[in-house]
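If you want the building blocks of each chain, they are given just below.
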Amino acid sequence: MKLMFSLPPMGGPVTLHWQKGSSAYMVVAGSQSQVHVYDRNGTPFEIISLHQSPLAIDWSQDGSQLAIAQEKSNAVVVWDVLTRRTRNVDTTMKEPVTAIGFSKVTGTLAIGTSKGNLILFDKGKVTPVVGKHSKRVTMMDWSTKDNLLAMYGDDRRLTVSNVAGDTLAIIDVRVELTHLQFDQLFSSPNGEVPSGWRYLTGISSKGKTLLVTDYESDNHSSLELSFKPEYGNIVQYTRCGQNVAIFGFTKGYLTAMELGNVDGSDPLKFTELFQVHDHSNSVAAVAAAPMFGRIACSGDNCIKLHSLEDASQVTNVLEIEDAQNNLDQLAWSSDEQLLAVSLKDGTVQVYLAHLAAIGSCYGDTALYLSNLKELTYLFADDPHPVRTQILQEVSDLALGPYQAASVSGNLVTYYNIVPNGLDVLYETEFPSHILKVVLGEDYAAVLMESGKIRLHMIDGERTGHVHETTMFPSKHSKGSEFINCCDLQGGFLIFGLKNGDIRSFFIEEWDMAYHFKHSCGIQSVFVAPCGLMLCFIDEKKAVYILNMVTDACLPVELPNSAKRSTITRVLWENWEENSEVFCLVDEEGNLSAGVVYFKTIRIPEVFHLSQTPLPFGHVPLRLHDGEVTCITGSNRIVKIRLDSHSFLLPDVSVLPPDQLKKALDQSITLYRLKDAWEIASKIGTNAAFQRLANLAMNLLEIEFAVRCYRRIGNVAKVKSLEDLLLVEDLNRLTGLVLLSLGEADAAQMCLLKSTKPIEALQMRRDLLQWDQALQLAKNLAPEEIPMISREYAQDLEFSGDYGNALYHYERSVTRKPQFKSHDEACQCGIARMSVRLGEVKKGISLATEIGTTSLLKDCAAILESMKQSSEAAVLYEKAQHWEKAVGLYLKTKHWVKASELIDKCTSQKLHMQYARAMEANGQYDLAAAAYVQSKEHVPAIRLYLDHLKDPETAVRLVQETESTEGAGLVAKFFLKLNDHASAIHFLVVSRCSDEAFELAKKHHQMDVFADIIGTEGSHAEYVGMAKYFEGRRNCLRSGKSWLLAQDYPRALGQYLTCTDDEQKEAIEGAIRVVSEAGSELLVRQLVGYLMGDKDGEAKDAKYLFRMYMALKQYRDAARTATIIAREDQAIGNYRTAHDVLYRMYSELRKNGIQPATDMVEDLRLLHSYMTAKLHVKRGDHLQAARLLIRAANNISKFPMHTVPILTSAVVESHRAGMRLTAFNIAKILMKPEHRPKIDTKYKDKIERMIRRPDKAEIEEPVTPCPYCSSDVEIMRLDCPECKNVLPYCIFTGQHMVASDWSSCPSCAFPALYSRFREMFGEDESRPCPMCCEDIMLNDVCRDEDPAQALQELKGSQT
């Protein structure tokens, strides 16, 4: 608390009286014949001189008059605040005045005299009432409810009178009272006091008890309430709120009592709420401030402040200097901001206990009262506000973009906003008290108590506007118009009148822009920042939202707690992206958030969002992004986030999943699409984005809805909405969106208002709502009525309403040439409906006349469903629906027509029906053909065998169809003819294997049976055949059967006992036996046989090779293959030897086995010789010579063709220019053992080479080694540097080069890419020199990285 001012001692105790209402003045009266009036700053305002010392003082309820009673005087002095004049009120009585009191409802002044009389003074009229009391009137009090007057006198009598002076009650009390007041001990929840519960309370003269009297009861029952003795006597009693009384006691105790109980069952119940021992000595005075819930208690040279919520705690202690236990009175000002304390010596001190929360906001700036004469201007969250001292105490503040204003009574002070604070612009005095000031960019609107508004320019020099000022209501207004409220937003002045009008004045045009009429008077208006929407409160305390563009006025449904309270103000969200949110502030301290959105596809509604408690003493100024800027009781600016925005944080990623859902709910409720997208993205579910898409559709945010549906993956929805992005007509767009949401009626209303109303008709047609479509077509498109009727008829036909369908079909016929196809469709419908409704001849005639296939089929189907098969068959035939026609002809036994049409049918079922019918009629040839056509071959075979005597066709059918049942029929037929082989064959086919086996055994046809059964027989059958053949000494057949029976020892035994004629086939069978059996014993047995252990004659080695291959013993097979190849090579079978070695080499590499060196060398040598022949044919003598030289160097491997090979090497070397090489080989040919064998064609030439040698030689080129890149002669196959055996080209025989690498697509042997492609010449394909498989030129590719191939070949060619 801050000391505001102090008054010097007046020589004795004084009384303190604050002006009621505004508390602008304080009256101090002592024992002197003067009454001092001070303003709130302690400045003397008036000294009222009296003839005697003051006895009693009271202010009128509105604070305009002060009444003073003097000692021993029969006159009352009345001082007028405005005129500052006094006048004496003559009571017309001779006895002195002893008590006075102003009515709390009217301006009536009650005056009591020493003889107990009453004088009522009202508006200059004096009304004496004699005989109220028999003795001096000492106290009086007025009630606030019924304007009743209670008086108490020395005669110990209480009287209750009405404002006219009529006595209502006289109550005798047995104790003397020192205090009297009306009390309402119980209030019902609706604020009404039940009849009979009116009470008077008073304190006994000794301060021991509190007297409570029911003055309305018949017996005027009373209750005398005593307190605990330790409290002492009552010093002072005051009320704090409706049901709480505060008592101060002589022993320093402070106590609060609750008077009555809540349900009203016991109104005289008193409950002690708390008691606190505040002072060691007596309490001097007690004063309550119920608005702020504070209690002041003085004593012990200090004043202690308590909060009513927790009175046991002292909130503040004010030490009074030089009090010396002389504290006397305490008095709160009416606004409870100032607390006056007096001492017994007449010293008065006034403290600032609470500063009125006065402030205003504009954008990010705030202006508020920080002291009685100090304003603080705050920009955004600047920690350094600017403070400005002012001269007058203000009652209201206003803030605009460039100026600010303060209100003090009827004076307005304007300020310019400058960087270092507020600079006074000027002051303006108005003719009456100012209720409100609002500021715009250039103009200010001042609402006066007189119900008028003055709109004037703030700074004419700065703006230069033509119009400077005007008044509302204007002089030309009809009748008496009283303005209750106003607001200034967006360049519009909006004000509400007592007659229910809301008007808007457009400042830029300087003319009225809008007028709205409400059913009752407007109490308050609060305009949204956009200036086009407002919230108003009427005289019935109802709240509405008004859209001044559409005239839509929506009631605001208040929450239950707010319904019991009065809405004091409304804050609109000033964040542009969420300007539809508002906040209602009620007098109980609740912030009720709501939202209204007019830009929706549906009827706008007001939604309640949340209710947030407002801390005590906080006054809300502004709402921005869900935060309410408030000024606190300690005059600080704070921000409170509404519960409706509690989860909308800058970073939603910090929210847990359960709160993310609540945040999504809040953002959707607030229509905040961007926030909702971020939250939905965090949640990540399709359901979240679906809710967001629905909201966007509701708000006509089509592009945003497309974005949502893309995220969901709803392609169809995206495509349909993208078409709406180009729609500019709002009504059309709204209608199409409503249509997509399934709200056809609302969509029609919007589409009819659009630029394309025809779409409403199309919508009804698409929805198959034909009655509505026909109704719309009458006005929008009469030419479409026939088409709609036809579509309607088609729909009725589909639903089975054939009578109405016929009606609409007939109504749809136009008989206009341009609608030929339409009329034809209608005629088709008439034909169908005629048949449906029983007019068959008419329908068939019309269908035949029209002649379309579809119509004929439709009518035929209808007739078929009506069991009129003959007529249906005729129409099906005309429609060329052969299957249906034939089916019905068969059903009606019209065989001739059926036979004519059956060949045109493809239905197997139908052919089956026809075949049975023909068989029944004895026409077996037609029946058999039909059976075949229907794929029923068994009946056809039966007919061919039994009736048509055509076994050849029957056998052919069995062979084509592999029918077991048909085969059985054929087998029986051949048995009858004694054709046992054919019978066995067909018995096997018919799966009668046992009968076939017995038949074959009986007639020695087992070879036939064995050939037929092949590998698909059973074990028993194979055993039976093996035993049969074994008994017949057919070892080869027996061995095969035992092999199929998987009896491998017996099978091998039979194979090895075969005759020489069967030896080749028998050995092959034996190899198969040991490969399948996997028995070492059997293998040894077969090896012994092949080696000649049985007969002393070794068999061909190729059989041993085949056995090893079959057993996958590749190493043994490789050794054997080498032996075989050398044998073949020795006898000159070079191709056979090459193929054996190649096949073995490939098999070994396939199984990951490294081939033997001698095998690789043999293959390489054979391949070089054979490839040389290829180059000779191509005329490449140099390459042929090089390859033949490689063969000549190993001539011992070619004993059968030594001389021809050497001769070829000499000839080709000589042709290639390798004369020295040719000479050296010729010398070998001239040896005695070779010379006679030289071909005479070349003999002379070779001899001349010897006699006249030419030793010229072509130097062999070098290419890099594929492993180490060292230079190596092209025909050399080992590297002298890295010692690796080099892979060779299968075409040239040269070693491979890494940069020119390719391979055969078939065998994968390497080849030089450039030379390999030369092999093809002009051909697209050629056989591979190695594997002899045809390869395509396009399949030969260069291998850019042959490292893997080199690694695989490394060692495989060593």
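What you are looking at is a predicted structure, and each value in this text was computed from that prediction instead of being measured.

On to the confidence of the model for the chain, then. Chain-level statistics for the chain give a pLDDT mean of 83 and a share of 91% at 70 or above. Considering only residues more than four positions removed or in separate chains, one finds that residues 186–197, a stretch of pLDDT under 50, has 19 contacts.

To continue, consider the pattern of salt bridges. The final tally for this structure, using the stated rule, is 36 salt bridges. For the salt bridge of K842 with E839, the shortest nitrogen-to-oxygen distance reads 3.7 Å. Under the relative-accessibility criterion, K842 is labelled partly exposed at 40%. Between D1254 and R1219 there is a salt bridge, with the nearest N and O atoms lying 3.1 Å from each other.

This part covers helix α12 (residues 785–799). Over its 15 residues, α12 runs 21 Å from end to end, which matches the ideal 21 Å to within 8%, given 1.5 Å per residue. Taken as a whole, α12 has its buried residues at P786, M787, I788, S789, R790, E791, Y792, A793, L796 and E797. Just downstream of α12, G800 is the residue with a positive phi angle, here 95°.

Time to look at empty space enclosed by the protein. Evaluation of the coordinates by the stated rule reveals 1 cavity of 30 Å³ or more. Among the elements of the structure, β54 (581–586), β55 (590–596) and β56 (606–613) are those that each provide at least two residues to the lining of the largest cavity. Among the residues forming the lining of the largest cavity, the class breakdown is 8 nonpolar, 3 polar and 1 charged.

This part covers the sheet that holds strand β59 (residues 637–641). Pairing in this open sheet of 3 strands is antiparallel, and the strands run β57-β58-β59 from one edge to the other. The two strands at the open ends of the sheet, each matched to only one other strand, are β57 (619–624) and β59. When the angles between neighbouring strand axes are averaged without regard to direction, this sheet yields 30°. Inspection of the sheet shows strand β58 (residues 627–631) paired to β59 by 5 bridges, in the antiparallel sense. From the neighbouring strand, V628 faces β59, where its bridge partner is I640.

Taking 1.5 Å of rise per residue, the 15 residues of helix α31 (residues 1063–1077) would be expected to cover 21 Å, and the 21 Å separating its terminal C-alpha atoms lies within 8% of that figure. Looking at α31, one finds that the buried residues are A1066, I1067, G1069, A1070, I1071, V1073 and V1074. After α31 finishes, the residue G1078 shows a positive phi value of roughly 70°.

What follows covers the sheet that holds strand β53 (residues 567–572). Pairing is antiparallel across the open sheet formed by 4 strands, whose spatial order is β53-β54-β55-β56. Edge strands, defined here as strands with exactly one partner in the open sheet, are β53 and β56. Mean inter-strand twist for the sheet, computed between neighbouring axes without regard to direction, equals 25°. Summarising the sheet, β53 and β54 pair through 5 bridges and their orientation is antiparallel. Within β54, the residue paired with V570 across the bridge is L584.

Here we take up the packing of α12 against helix α14 (residues 820–836). It is at 11 Å that the axes of α12 and α14 come closest, and there the two elements cross at 30°. Here α12 is positioned roughly parallel relative to α14, judged by the angle of their axes. Between α12 and α14 lies a crossing whose hand is left-handed. Counting all contacts with α12, which are made through P786, M787, R790 and E797, the residues of α14 involved are H822, A825, C826, R832 and M833. Here the contact of α12 with α14 is built from residues that sort into 5 nonpolar, 1 polar and 3 charged.

The subject of this paragraph is the packing of helix α29 (residues 1035–1044) against helix α30 (residues 1048–1056). Geometrically, a packed helix pair is captured by the angle between its two axes and the distance between the axes. Between α29 and α30, whose axes approach to 8 Å, the crossing angle comes to 160°. Considered as vectors, α29 and α30 are oriented roughly antiparallel to each other. The way α29 lies across α30 gives a crossing that is left-handed. From α29, C1035, L1036, S1038, G1039, K1040, W1042 and L1043 reach across to α30, where they touch Y1048, R1050, A1051, Q1054 and Y1055. In terms of residue class, the contact of α29 with α30 is built from 7 nonpolar, 3 polar and 2 charged.

Let us now look at the packing of aromatic side chains. The description of an aromatic ring pair uses the distance of the two centres, along with the angle that the planes make with each other. By the definition in use, this model includes 28 aromatic pairs. For the pair Y25 and F45, a centre-to-centre distance of 4.4 Å together with 35° between the ring planes defines the contact as tilted. In this pair, Y25 sits in strand β3 (residues 25–29) while F45 sits in strand β5 (residues 44–49), placing the two residues 20 residues apart along the sequence. Given a relative accessible area of 16%, Y25 falls into the buried group. Here F472 and F495 contribute two aromatic rings whose centre-to-centre distance is 5.2 Å and whose plane-to-plane angle is 40°, an arrangement assigned as tilted. Note that F472 is positioned in strand β44 (residues 469–472) and F495 in strand β46 (residues 492–497), a separation of 23 residues in sequence.

L692, L721, L724, V737 and V886 are the most contacted members of the largest nonpolar core, which totals 119 residues. The element that contributes the greatest number of residues to this core is helix α5 (residues 686–698), accounting for 7 residues. Every residue in contact with V737, bar those within four places of it in the chain, is listed here: I601, M697, L700, I702 and L724. Grouped together as the second largest cluster of nonpolar side chains are 107 residues, I1013, V1160, A1191 and C1328 included.

Take the side chain of T209 next. Of note, T209 is situated in strand β20 (residues 209–214). Side chain to side chain, T209 and E224 meet in a polar contact 2.9 Å long. Once residues within four sequence positions are removed from consideration, T209 is found in contact with G202, I203, S204, E224, L225, S226 and I234.

Glancing now at the pairing of strand β36 (residues 386–389). Alternating residues of β36 divide into V386 and T388, all buried, and R387 and Q389, none buried. Bridge count for strand β35 (residues 374–379) against β36 is 4 bridges, and the pairing is antiparallel. Looking at β36, one finds that Y377 is bridged to V386.

What counts and what doesn't
- Residues numbered from 1 in each chain as written.
- Predicted model: local features only at pLDDT ≥ 70, side-chain atom pairs only at ≥ 80, totals over all residues.
- Heavy atoms only, no water.
- pLDDT = per-residue confidence, 0-100.
- Contact = heavy atoms within 4.5 Å.
- Salt bridge = Lys/Arg side-chain N within 4 Å of Asp/Glu carboxyl O.
- Buried < 20%, exposed > 50% of the residue type's maximum accessible area, 1.4 Å probe, protein only.
- Helix = DSSP H or I, 4+ residues; strand = E, 2+ residues; numbered from the N terminus.
- Expected span 1.5 Å × (residues − 1).
- 1 Å grid on protein atoms, 1.4 Å probe; cavity = no way out; pocket = protein on both sides within 12 Å on 5 of 7 lines; lining within 4 Å.
- Points joined across faces, edges and corners; volume = space filled by probe spheres on them.
- Nonpolar A, V, L, I, M, F, W, Y, C, P; charged D, E, K, R; others polar.
- Pairing = 2+ DSSP bridges.
- Axes fitted to C-alpha atoms, helices over the stretch in contact; angles between N-to-C directions.
- Parallel < 35°, antiparallel > 145°, perpendicular 65-115°, else oblique.
- Left-handed = near helix turned anticlockwise from the far one by under 90°.
- Phe/Tyr/Trp six-rings, centres within 6.5 Å; stacked < 30°, edge-to-face > 60°.
- Core = buried A, V, L, I, M, F, W, Y, C linked by side-chain atoms within 4.5 Å.
- Polar contact = N/O pair within 3.5 Å; in protein donor to acceptor, adjacent residues only side chain to side chain.

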